[in-house]
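Chain and residue survey
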Amino acid sequence: MPVSSAVVVVGTNATALTEPSINPKVVYVQDGDYDNNSFVYVGGPSVTVANGIRISKFNVSVFQVSADDILYGISDSATGAVRLAEVE
């Protein structure tokens, strides 16, 4: 069961947070911008700040991502970031 972690900079365009995989995985996501100046939202490739799921700055959100699917993020600021841990 491989485990990886990363910090991904997320701007105002949808950004891939995960890579496609041959196996399903569990992705733990936390907003990496702790100064409360921006928010990050997640969803599919067409995610926006209006339709995405807002990620908490203080709790971890958990997503089960199917094989070959990609989780995307977007921020209301050019300097947003997320912290990820993936368990495959």
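Everything quoted here is computed from the prediction, not taken from an experiment. (Residues numbered from 1 in each chain as written. Predicted model: local features only at pLDDT ≥ 70, side-chain atom pairs only at ≥ 80, totals over all residues. Heavy atoms only, no water.)

A few words now on the overall build of the chain. For the chain, the helix and strand inventory stands at 0 helices and 8 strands. Starting at the N terminus and walking to the C terminus, you meet the elements of the chain as β-β-β-β-β-β-β-β. Taking 88 residues into account, the globule formula puts the C-alpha radius of gyration at 12 Å, and the chain, at 12 Å, falls close to it. When the 88 residues of the chain are sorted by exposure, 40% land in the buried category. Across the chain, every contact between residues at least 6 apart in sequence was considered, and the portion connecting residues at least 24 apart equals 83%. Between the averaged position of the 4 positive side-chain charges in the chain and that of its 9 negative side-chain charges there is a distance of 7 Å. (Helix = DSSP H or I, 4+ residues; strand = E, 2+ residues; numbered from the N terminus. Rg over C-alpha atoms; globule rule 2.2 N^0.38 Å. Buried < 20%, exposed > 50% of the residue type's maximum accessible area, 1.4 Å probe, protein only. Contact = heavy atoms within 4.5 Å. Lys, Arg positive; Asp, Glu negative; His and termini not counted. Charge placed at Lys NZ, Arg CZ, Asp CG, Glu CD.)

Quick look at the nonpolar core now. Core analysis: the biggest nonpolar cluster contains 13 residues, and Leu 17, Val 29, Phe 63, Leu 71, Val 82 and Leu 84 have the highest contact counts within it. Not counting residues within four places of it along the chain, the set of residues in contact with Phe 63 comprises Lys 25, Val 26, Val 27, Val 29, Val 42, Ile 53, Ile 55 and Leu 71. (Core = buried A, V, L, I, M, F, W, Y, C linked by side-chain atoms within 4.5 Å.)

Note that every value here comes from positions in space, so none of it alone points to a role or purpose.
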